[in-house]
Amino acid sequence: MKTFLMAGAAGALLTLSGCAQPPVSAITTGRLDCPETKGQLTRVSAAEDGQSCRYRTADGADMELRLVPVEGGPKATLERLEAQLASLAATQPAPATEASNTAESSETAALAASTLAQAEADVAGEGTTSVRAPGTKIDSGPESVNITLPGLKIDASEDQAQVKIGPINIDASEDGATVRIYREVRLRGESLSRERRGVRATYILADGRQASGATYVGLEAGGPKTGPLVVAIVSAATEGEEAEILDDIQDLVRENGGV
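Visitor: Explain the pattern of salt bridges to me, please; I cannot follow it from the model alone.
Guide: For side chains of opposite charge, pairing can occur when their charged atoms come near one another. Scanning all chains against the criterion turns up 7 salt bridges. Among the ionic contacts, a cluster of salt bridges with common partners joins Arg54, Glu64 and Arg66.

Visitor: Can you walk me through the state of the cysteines in this structure?
Guide: Two cysteines, two sulfur atoms, one covalent bond between them: this is a disulfide. All chains considered together, the criterion is met by 1 disulfide. Paired by a disulfide, Cys34 and Cys53 hold their sulfur atoms 2.1 Å apart. An S-S torsion of about -80° defines the bridge between Cys34 and Cys53 as left-handed. Of this pair, Cys34 sits in the loop between α2 (26-29) and β1 (37-38) while Cys53 sits in strand β3 (residues 52-56), and the two are 19 residues apart along the sequence. Each member of the pair Cys34 and Cys53 is classed as buried.

Visitor: Just to check I follow, could you spell out the pairing of strand β2 (residues 41-46) for this structure?
Guide: Regular strands show a simple pattern: their side chains alternate between the two faces of the sheet. Pairing of β1 with β2 involves 2 bridges; the strand directions are antiparallel. When the sheet's bridge partners are listed, Thr37 is paired in β2 with Thr42. As consecutive antiparallel partners, β1 and β2 are separated by 2 residues, and within that stretch Gly39 has a phi angle of approximately 60°, a positive value. Between the antiparallel neighbours β2 and β3 lie 5 residues, among them Gly50 with a positive phi of about 75°.

What counts and how
Along each chain, residue indices are assigned from 1 in the same order as the chain's sequence is written. The predicted nature of this model means local features are confined to residues of pLDDT at least 70 and side-chain atom pairs, given and counted, to a pLDDT of 80 or more, with totals for whole chains, interfaces and linings taken over all residues. Excluded from the side-chain calculations are hydrogens and water; all other atoms, namely the structure's heavy atoms, are used. Salt bridge, as applied in this entry: a Lys or Arg side-chain nitrogen positioned within 4 Å of an Asp or Glu carboxyl oxygen. Here, a disulfide means two cysteine sulfur atoms that sit within 2.5 Å of each other. Strands here are runs of E lasting at least two residues and helices are runs of H or I lasting at least four, both read from the DSSP assignment and numbered beginning at the N terminus. Between buried and exposed lies partly exposed: a residue is buried under 20% and exposed over 50% of the maximum accessible area for its type, with that area taken using a 1.4 Å probe on protein chains only. Pairing between two strands requires that DSSP report at least two bridges joining them.

Worth remembering: the numbers are spatial, not functional.
See below:
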């Protein structure tokens, strides 16, 4: 009898959770919630149709929040946005006043890659080493390192490095750095669901160039796989500015996207 009652209670709980209304978000209302301020962000404009709004910080970083329909799946949709950002950044020449910032970022990326390569080369006696084991692959030489472990992949040479750790992909070279993070997540209110029906994504392109003189562009996105996605497009003069407002941006995206 006790087992029967417990099974009945569990079934009722699942039924109630299945019938529960999804939390209010831009996905359920079709309109973005753009508060006047969010941390260091101050709203400067909002579209009447509720599909976009713009924010700015005291330091001049800009952020546009958009509702973006999904076409061809969430990854394809985000890849198109990334391509637009990369194209916009690549077509602008670096202002002379920012030459020192560009050189510093390039030197940092090159130093990180060469340091990793040199460390592995030292361990191998500056020769060439190769290690093979289940799930493990290591190839090391005087000027390059290739490491593959469960959940981790590193390819590094003197002037570039590529790192993959789970959902995180980092590609750094003397031309700058690109970071991509893509995760499938549960939607808000579905913490007990086995299915991950939502996505969160981050794209960072450092040392990009826009007409405004920004050296950093990126996006933060979140929402159901079927769409729409809430996407924040960010541009800043330095990486530090974006890092300071990242939490505020993520909060806006997740609250509106229901993730």
